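# An overview of the molecular structure
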Amino acid sequence: MQVDLIETFLDLMETRSFNRTAERLNVTQSTISHRVKALEAQFSRKLFSRNKGGTVPTAAGLRFLDYAKALQNQWHEATRAVAGAGALERSMRLAIQHDLAESFVGPWLAAIRRAFPETEIYMEADYSNQMNRDLAAGDLDLAILYTPHYLPDLHYERIGELHYKMVSAEPRDLAGIRAETYIRASYSPAFERVHRLALPHLSVAPVAAGQNMAITALLQTLGGAAYVTGDTAARLASDGLAYIVSEAPVIPQAIYAATSLRSRHAHQHRKIIGVMMALMSG
């Protein structure tokens, strides 16, 4: 596999400029031209046409685009697997939404290790936007996230739901919650839409955050009220640190598993997703 040809093609599809691609790849323009010609020779088809308006992909170039992305992803996966090869037979890179990691990452990883003792696992907590990008680039094998982007090479399935509850540092009913001391949660676009419709007067609060752990810390420092996960709400109430505002609506957040299209039916992926579904329903 001539990876430099694929990477040059993909960069040129983005820049539509031989000069710009040469700058970005730190090579000469003649090198870019040579690589494009070499790739075109393999297909016996022109992939780009150049005119006064710039560089434009041909119909053949547009058709090759998705395949080129897949080839690049496969190469990155192969490079990562071979470079990191140790005593274990396989490796997987997993990611999980920050708020889910607080409650689920330990049990999830423990169950995965029991199911696949010969697999090396890399785990990280992140936000949906970055996880979608990493999946599309082939830097992740599977992610559990809030917001799918429905990119062409990715597969998403809804696997459960998390619930957020409003808590207050003082024993107040919903009518007594003031916008000036409210901490607005920004967990996902879906969460924000529901919040804005249900509580429009609290959607312009002066302080906002997008992570359950951060909002919990702000509550304990600043006081006021905010939405946190159901588990966090129960813990804060049990410890006498906050009160659950029973009149406030519970806001649901859908949870999705995301993988590449080609691996969506793989046994290992199905097992790992199934473990998370069991944990969330338990």
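Residues numbered from 1 in each chain as written. Predicted model: local features only at pLDDT ≥ 70, side-chain atom pairs only at ≥ 80, totals over all residues. Heavy atoms only, no water.

### Describing the pairing of strand E5 (residues 142–145)
A two-sided burial pattern is seen for E5, the buried positions comprising Leu142 and Ile144 on one face and Ala143 and Leu145 on the other. As paired strands, strand E3 (residues 90–97) and E5 are joined by three bridges and run parallel to one another. Bridge pairing in E5 places alanine 95 opposite alanine 143. Of the strand pairs in this sheet, E5 and strand E11 (residues 251–260) are connected by four bridges, and their pairing is antiparallel. From the neighbouring strand, leucine 142 faces E11, where its bridge partner is threonine 259. (Buried < 20%, exposed > 50% of the residue type's maximum accessible area, 1.4 Å probe, protein only. Helix = DSSP H or I, 4+ residues; strand = E, 2+ residues; numbered from the N terminus. Pairing = 2+ DSSP bridges.)

### Some points on the layout of surface pockets
Considering only enclosed or pocket space, the largest pocket measures out at about 270 Å³ in volume. The wall of the largest pocket is formed by 13 residues, among which Leu10, Leu65, Lys69, Gln72 and Ala136 lie closest to the centre. For the lining of the largest pocket, the secondary structure elements donating two or more residues are helix H1 (3–15) and helix H4 (59–83). Across the lining of the largest pocket, the residue classes tally to seven nonpolar, two polar and four charged. Lining the second largest pocket are twelve residues; nearest its centre among them are Glu77, Arg80, Ser91, Asp141 and His269. Listing elements by their share of the lining of the second largest pocket, those giving two or more residues are H4, E3 and helix H10 (267–281). (1 Å grid on protein atoms, 1.4 Å probe; cavity = no way out; pocket = protein on both sides within 12 Å on 5 of 7 lines; lining within 4 Å. Points joined across faces, edges and corners; volume = space filled by probe spheres on them. Nonpolar A, V, L, I, M, F, W, Y, C, P; charged D, E, K, R; others polar.)

### Some words on the packing of H1 against helix H3 (residues 29–43)
Contact pair H1 / H3: the axes reach a minimum separation of 9 Å and the direction vectors enclose 105°. Judged by the angle between their axes, H1 and H3 are roughly perpendicular. Of the residues in H3, those in contact with Asp4, Leu5, Thr8, Phe9 and Leu12 of H1 are Ile32, Arg35, Val36, Ala38, Leu39 and Gln42. Each residue belonging to the contact of H1 with H3 can be placed in one class, and the counts come to seven nonpolar, two polar and two charged. (Axes fitted to C-alpha atoms, helices over the stretch in contact; angles between N-to-C directions. Parallel < 35°, antiparallel > 145°, perpendicular 65-115°, else oblique. Contact = heavy atoms within 4.5 Å.)

### Quick notes on unusual backbone geometry
Phi is positive for asparagine 26, which is not a glycine, with a value near 60°. Unlike most non-glycine residues, tyrosine 150 shows phi in positive territory, near 50°. One can find tyrosine 150 in the loop between E5 and strand E6 (154–168).

### Topic: the pattern of salt bridges
Tallied over the entire structure, the rule returns ten salt bridges. Note that arginine 24 is salt-bridged to aspartate 11, the shortest N-O span being 3.0 Å. With arginine 24 in helix H2 (residues 18–25) and aspartate 11 in helix H1, this pair connects stretches of sequence that are 13 residues apart. Overall, arginine 24 belongs to the partly exposed group, its relative accessible area being 37%. The salt bridge partner of arginine 270 is glutamate 157, with a shortest N-O separation of 2.6 Å. (Salt bridge = Lys/Arg side-chain N within 4 Å of Asp/Glu carboxyl O.)

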